[in-house]
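# Chain and residue survey
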Amino acid sequence: MNKRRFLQTAAALALATSFVGAAHAQTPIKFQLDWRFEGPAALFLQPAAKGYFKQAGLDVTIDAGNGSGGTVTRVASGTYDMGFADLAALMEFHANNPDAPNKPVAVMMVYNNTPAAVLALKKSGITKPKDLEGKKLGAPVFDAGRKGFPVFQKANGINSVAWTSMDPPLRETMLVRGDIDAITGFSFTSLLNLEARGVKTEDVVILPYADHGVKLYGNVIVASPKLIAENPGAVKSFLTAFAKGAKEVMANPAGAIDTVKARDGIINVPLETRRLALAIDAVVASPDARKEGFGQVVPGRLALMASQVSDAYGTKTRVDPAKIWNGSMLPTKAELDILPPAKK
């Protein structure tokens, strides 16, 4: 082999080796959502579809979930590395499993306000929280709004109510049928579910917790302490790539919904586009999020929520806010400046 051929071969081998090294550098991260592939899932599917995670050196797999409690449990078990879950569900897990070796930790705030709300039909005569006294409310036993209702109840001086339990698909159906007087649920989910059952928007009364004295945080990105300890850089890279994609989603929800369609081909595109837009307005780019900064938490508010969850959920031990949150891997302030201009 002559010298030129030798050098060419050596260069080719070096290039091939660099590609192999790059492939090995992709850190695998299994991520679970809180729910099905609906509109708000675009916040995570956009950075995946645009290759932002891969550009950050991550091989991210995103799976649908079946509730925040399940997501927290699966991250705790090691089945998933990261996930998206209601902060109250994370707090409940910590307080009820104080000796669990791998309790997930919140690393980024996404839903600055809980999406939980009470919904009723106007014909019920319910127009304000006090009107719920003596009424029959319905929700699945694990519903975030139902579990947090004692906080809403105390904030609004509501006396006793009666609860009916059901599976999630029956919640809005039972309200429409008149089997119950009101329901709890995520505002942007239950409203659209009611519309799908023939109810007009103007015939629905929505009492968002955030508008009635309850400043609970909503959904957060969680990570396993194992991943945080072994590769905090991967967590920061994930959050940075997520923020980049989420900014695009909030700037153009209609353009991002195709990422959800790609994962679930039977979704109703106009419906999910609207669900995404409602979620952005209500809980992601909310006035509180603009005041506190996207991704962040305020220590005093977090501590108050920890106390409220301990009481409302009747946990085995008190929630320790210091063990719930780790903001050390958040992107820079500039990278977190992603909220769209406030609507006038």
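Residue positions are given per chain, counting from 1 as you read along its sequence in written order. Side-chain atom pairs in this predicted model are given and counted only at pLDDT of 80 or more, local residue features only at pLDDT of at least 70, and totals for whole chains, interfaces and linings cover all residues. Side-chain figures throughout are based on the complete set of non-hydrogen atoms in the structure, without hydrogens or water.

### Points about the sheet that holds strand β10 (residues 219-223)
The strands making up a sheet are joined through hydrogen bonds of the backbone, oriented either antiparallel or parallel. Inclusion rule: Two strands are said to pair when DSSP picks up at least two bridges between them. Only runs of H or I of at least four residues qualify as helices and only runs of E of at least two qualify as strands under DSSP, and these elements are numbered from the N terminus. Axes here refer to lines fitted to C-alpha atoms; in helices the fit is confined to the stretch in contact. Angles between the N-to-C directions go from 0 to 180 degrees. Residue contacts are counted whenever heavy atoms from the two residues lie within 4.5 Å of one another.
Spatially, five strands are ordered β2-β1-β3-β10-β4 in an open sheet, and the strand pairing comes out mixed. Either end of the sheet is taken by a strand with one partner, and the two such strands are β2 (58-63) and β4 (105-109). Across this sheet, the average inter-strand angle for adjacent strands is 30 degrees, counted without regard to direction. Pairing of β4 with β10, which is carried by four bridges, proceeds in the antiparallel orientation. Considered in β10, the bridge of Val105 is made with Ala223. Sitting on the sheet, helix α2 (residues 42-49) touches β1 (27-32), β2, β3 (82-86) and β10, and the angle it makes with β2 is about 145 degrees. Strands in contact with helix α4 (residues 68-77) are β1, β3 and β10; relative to β3, the strand with the most contacts, it is inclined by about 145 degrees.

### Considering the pairing of strand β8 (residues 182-186)
This is how it is decided: The buried label applies to any residue whose accessible area, calculated with a 1.4 Å probe on protein chains only, is under 20% of its type's maximum; exposed applies above 50%, and partly exposed to all values in between.
Taking burial as the measure, the five residues of β8 include five buried ones, the bulk of the element. With five bridges joining them, strand β5 (residues 116-121) and β8 adopt antiparallel strand pairing. Within β8, the position partnered with Val118 by the bridge is Thr184. Note that strand β6 (residues 136-138) and β8 share two bridges and pair parallel. Bridging from a neighbouring strand, Gly138 pairs with Ile183 of β8.

### Description of helix α14 (residues 269-284)
To keep things clear, this is the line we draw: Arc definition: directions from the helix axis to the C-beta atoms. N or O atoms closer than or at 3.5 Å make up a polar contact, with two conditions inside protein: a donor-capable atom paired with an acceptor-capable one, and, for residues adjacent in sequence, both atoms drawn from side chains.
Within the span of α14, buried status applies to Glu272, Thr273, Arg275, Leu276, Ala279, Ile280, Val283 and Val284. The buried residues of α14 occupy an angular sector of 160 degrees when projected down its axis, which confines them to one face. Where α14 is buried, its residues meet α2, α9 (187-196), α11 (232-251), α12 (253-256) and α15 (287-292). Two or three places before Leu271, at the opening of α14, Asn268 has a side-chain oxygen 3.0 Å from that residue's backbone nitrogen.

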